[in-house]
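What follows is the residue order along each chain.
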There are 2 protein chains.
Amino acid sequence: MSVQIVENGSITSPRGYQAAGIVAGLKKSGAPDMALILSDRPATAAGAFTINRGAAAPVAQCREILAAGKPARAVVINSGNANAWTGPRGLEDAHTMAAKTAEALGVSADEVFVSSTGRIGVPMPMATILKGIDLGASALSPDGGRIAAEAIMTTDTRPKSVAVAVDIGGTTVTIGGMVKGAGMIAPMMLVQPKDQATMLAYLTTDAAVDRAFLEQCLAGSLDQSFNRITVDGDMSTNDTVIVLANGAAGNPVIGADSADAGAFAEAFNHVMSYLAREIVLDGEGVTRFVELSVTGAKDDVEARRCADAIANSLLCKTAWFGADPNWGRILDAAGYAGVDMEPSRVNLDYEGLPIVRNGMDAGTPESDQVKAISKREFCIDLDLGVGDGQFTVWTCDITYEYVKINADYHT
Amino acid sequence: MSVQIVENGSITSPRGYQAAGIVAGLKKSGAPDMALILSDRPATAAGAFTINRGAAAPVAQCREILAAGKPARAVVINSGNANAWTGPRGLEDAHTMAAKTAEALGVSADEVFVSSTGRIGVPMPMATILKGIDLGASALSPDGGRIAAEAIMTTDTRPKSVAVAVDIGGTTVTIGGMVKGAGMIAPMMLVQPKDQATMLAYLTTDAAVDRAFLEQCLAGSLDQSFNRITVDGDMSTNDTVIVLANGAAGNPVIGADSADAGAFAEAFNHVMSYLAREIVLDGEGVTRFVELSVTGAKDDVEARRCADAIANSLLCKTAWFGADPNWGRILDAAGYAGVDMEPSRVNLDYEGLPIVRNGMDAGTPESDQVKAISKREFCIDLDLGVGDGQFTVWTCDITYEYVKINADYHT
């Protein structure tokens, strides 16, 4: 059995999880703004976090939990306030959120992960938050996954959830996930404890997985998922992925050497990649999704640097918005990325159509080029002509709507 | 005598220069699209060029001229086509432009600099170009500086020229300059021949200056002018500064050890800085000019890296458009710049108003913050709290108009 998609899947599709999404009153709109996730038993946990030097207080709190190396039980999440650049009080507030959640759920404070997203630099409205935690605890439900996904949204236009099932040694295990994104999206996360993304992603599974392998799955998947996406090039202070594996499925514990390690990793990667794509597709003001692959680079690091330069180029992103095939902007960005390239061997394709060959226009009629890049989703392939390095990024256009959202966000 | 501004100054304000701007027919709009500059005598030359790996053919041609180390006589410039990513034919075309200009002006081909700006990847329409050179040669005039500045424009909304006069040992020497910019503006230029910016800038002076000192003035000035500006973060394939010093003023040759070296360098720097500011002020769709200074960095390199991250952050640029004081976006960008910072010692000011103190909101009323950043030009000062490194960039907002210009450029 390969990976099966679970209909209407969410973080509560795996056994042994409850979730809630409630209105605490953090958002002026009155939309749901706090979420809780509870595992009915201690769960092996793994996490990956932003490398931003001004990482938010809840990121520090999550790192503390993971560093202790113990199983976890719950996650508390608020939207509307990032609890970043809030000084010593910020960290105190994050700890208070964990303690209050622990009390409301009957678990221990060091079993609770805290996440926040929203405005930076504003002290947390703790009275509202604490009331929200009580509301959330009383709203927990085995069907709460999808409302939880709504509660973590900021400028997202829709909740983003998924679940897949996979056979592990005769036992069906399920992996669920939810994510929010939209803006300040250019994550680069490292797995705790090696080191320390405001996209927030939560994965739950009822599989029993040993911690080292769970971290290996997470680390191996990041470059094929969240660490390959960009909406606006701005890496957040709060980017977070938390994974819980509670073993409720009753399978033999999966480790790196298990016969089913590959099958689990594939299913895990499916959820991570799906959620990452969803962030770009629902990015602020996005009208086009671009899969940009750079090959022929000196090495994978240079391929990534080149792909990132193009993916974040304002001139490329506005051209994509206008369905303008102006390939010069792509090669311009490649040229300033600071990577090795051999112009006379550079090739570029749009959706498989030859656009540049040997550093010169390939002669494909412009009308064909426009057609290729007028799609909602299209592929660009760039070969730098010097080596075997490669990397693929998922990016998007920049639109009037993007400017509107971000010039008006505050007021 | 300190630096004096010349009224209606241009590249033909210094003695011994003629210039022309004519309609060759490269621009569909029918606006002037080719310019010529001619010195009536051999001029000491210096130049600085983009470090883009896909540097355009005319950039390669200019580097050849400078490498030969001989005095120069003329510059030929076209807008409407960048002659970049045009393969071997592009370099041939650049050489043909130099040869044709030399013939029309009665000088030698190795005394002629070639510059191009416009679309990347399209072969040069040489018949139109060659006809334009003849037209330009017949239109040369000692009053041609300002029309030349019009002819080099692309998405610029106005021509940009300046001239200053300074006393050098009893002789008044004049330095003129013109520039075009608007988009694909994030230059990082190095002075030939150390190594190799589509902004194009041309400076003329009637001072006699030795080449080493002219290069020293250029190299010393770049970080205080063109290499500190960004409009969209996209470094061009064609960025170029060419300086000609023809000695027509009759002053004793200025070298690094001359008594007047400082006075000349100051005047030179004035022209360079003025033109650089003008590019940002006339950048595509720009409504606000931001002088962003980073201090307290580990070193100047880190200060620049931090300032560049903020200056090119889409979230910061859209906030400036909306006059949104959302300082979290600035600290977020500082945090992902990959530089040392001490969050608890980070300070931020808008126009001298305290916004962040010790990594936390300084409590300045929001209405005062909004007032500070609602100006057409304002200053932001960020102190990272770790060292003595500092750097200042000149940047701008990103607006609906920017998106319109660049989503519609091609069609």
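The structure under discussion appears in the preceding block.
Since we're looking at a predicted model, the values are computed, not measured. (Residues numbered from 1 in each chain as written. Chains lettered and ligands numbered in written order. Predicted model: local features only at pLDDT ≥ 70, side-chain atom pairs only at ≥ 80, totals over all residues. Heavy atoms only, no water.)

Trainee: How do you make sense of the relation of the copies chain A and chain B when you look at a structure like this?
Mentor: Put simply, the second copy of the chain is the first one after a rotation about an axis and a shift along it. For the pair chain A and chain B, the superposition axis carries a translation of 0.0 Å, the fit reaches an RMSD of 0.0 Å, and the rotation angle comes to 180 degrees. Those values place the two copies in the arrangement expected of a two-fold rotation axis. Nearest to the rotation axis, the C-alpha of Y400(A) is located 2.8 Å from it, this being the minimum over chain A. When the interface residues of chain A are mapped onto chain B, 100% of them again lie at the interface, so the same face is used by both copies. (Least-squares fit on C-alpha atoms with pLDDT ≥ 70 in both. Contact = heavy atoms within 4.5 Å.)

Trainee: Explain the packing of helix α11 (residues 400–407) of chain A against helix α8 (residues 314–321) of chain B here, please?
Mentor: Geometrically, a packed helix pair is captured by the angle between its two axes and the distance between the axes. In the contact formed by α11(A) and α8(B), the axes pass within 8 Å of each other and the chain directions differ by 70 degrees. Regarding the angle of α11(A) to α8(B), the classification is roughly perpendicular. For the pair formed by α11(A) and α8(B), the contact residues are Y402(A), V403(A), N406(A) and A407(A) on the first element and L314(B), L315(B), T318(B), A319(B) and F321(B) on the second. (Axes fitted to C-alpha atoms, helices over the stretch in contact; angles between N-to-C directions. Helix = DSSP H or I, 4+ residues; strand = E, 2+ residues; numbered from the N terminus. Parallel < 35°, antiparallel > 145°, perpendicular 65-115°, else oblique.)

Trainee: In this structure, what is going on with the pattern of salt bridges? I would like to understand it.
Mentor: Pairing is possible between side chains of opposite charge, provided their charged atoms come close. Residues and elements named next belong to chain A. Applying the stated criterion to the full structure yields 32 salt bridges over all chains. The salt bridge involving E377 is made with R277; its shortest N-O contact spans 2.9 Å. With E377 in strand β15 (residues 377–383) and R277 in helix α6 (residues 261–281), this residue pair connects regions lying 100 residues apart in the sequence. The class for R277 is partly exposed, based on a relative accessible area of 25%. Overlapping salt bridges bring together D156, R158, K160, E278 and D282 as one network. (Salt bridge = Lys/Arg side-chain N within 4 Å of Asp/Glu carboxyl O. Buried < 20%, exposed > 50% of the residue type's maximum accessible area, 1.4 Å probe, protein only.)

Trainee: I would appreciate a short explanation of the environment of N251(A) in the present structure.
Mentor: All names here are of chain A. Summarising the element assignment, N251 is placed in the loop between β10 (240–245) and α6. Each C-alpha atom of the pair N251 and A219 lies 23 Å from the other, and the pair is 32 residues apart in sequence. Residues contacting N251, with those up to four places away along its chain left out, are I168, T171, V173, D206, A207 and A208.

Trainee: Is there a simple way to explain the interface of chain A and chain B in this structure?
Mentor: Interfaces are often sized by the accessible area lost when the parts come together. On the chain B side, the residues contacting the 55 residues of chain A number 55 residues. Contact between chain A and chain B buries roughly 4600 Å² in total, counting both sides, with carbon and sulfur atoms accounting for 59%. Three residues, R53(A), W85(A) and L314(A), lead the burial of chain A against chain B; their summed loss comes to 17% of the area buried on that side. Linking chain A to chain B there are 2 salt bridges. The residue D340(B) makes a salt bridge to R53(A) at a minimum N-O spacing of 3.1 Å. In this structure, the connection of chain A to chain B is made through 20 residue pairs in polar contact (both at pLDDT 80 or more). Where the side of chain A that touches chain B is concerned, the elements lending two or more residues are α2 (87–105), α8 (314–321), α9 (328–336), β14 (360–361) and α11 of chain A. The residue makeup of the side of chain A that touches chain B, split by class, is 25 nonpolar, 19 polar and 11 charged. (Buried area = accessible area lost by both parts, 1.4 Å probe. Polar contact = N/O pair within 3.5 Å; in protein donor to acceptor, adjacent residues only side chain to side chain. Nonpolar A, V, L, I, M, F, W, Y, C, P; charged D, E, K, R; others polar.)

Trainee: Can you help me understand the side chain of N78(A) in this one?
Mentor: Residues and elements named next belong to chain A. Mapping N78 onto the fold places it in strand β4 (residues 72–81). Classification of N78 as buried rests on a relative accessible area of 0%. Of the polar contacts made by the side chain of N78, one reaches the backbone oxygen of N81; its length is 3.0 Å.

Trainee: How do you make sense of the pairing of strand β2 (residues 17–22) of chain A when you look at a structure like this?
Mentor: Each regular strand carries side chains that alternate between the two faces of the sheet. Residues and elements named next belong to chain A. Burial of β2 is extensive: 5 of the 6 residues sit out of reach of the surface. Two strands pair when backbone bridges link them, and β2 and strand β3 (residues 34–50) are joined in this way by 6 bridges, in the antiparallel orientation. Bridge assignment links Y17 to a residue of β3, and that residue is S39. (Pairing = 2+ DSSP bridges.)

Trainee: Could you clarify how one ought to interpret the packing of aromatic side chains in this entry?
Mentor: For any pair of aromatic rings, the description consists of the separation of the ring centres together with the inter-plane angle of the planes. Counting across every chain of the model gives 8 aromatic pairs over all chains. Taking the centre distance of 5.4 Å and the plane angle of 80 degrees together, the rings of F321(A) and Y400(A) count as edge-to-face. Placement of F321(A) in helix α8 and of Y400(A) in helix α11 is noted, with a sequence separation of 79 residues between them. Through a chain of ring-to-ring contacts, three or more aromatic side chains come together here, namely F213(A), F264(A) and F268(A). The cationic tip of R277(B) hangs over the ring face of F289(B); the distance from NZ or CZ to the ring centre is 4.5 Å. (Phe/Tyr/Trp six-rings, centres within 6.5 Å; stacked < 30°, edge-to-face > 60°. Lys NZ or Arg CZ within 6 Å of the ring centre and 35° of its normal.)

Trainee: Would you mind showing me how to read the side chain of S116(B) here?
Mentor: Residue and element names in this part refer to chain B. Considering the arrangement of structural elements, one finds S116 in strand β5 (residues 112–119). Given a relative accessible area of 2%, S116 falls into the buried group. In this structure the side chain of S116 is engaged in a polar contact, spanning 2.7 Å, whose partner is the side chain of N78.

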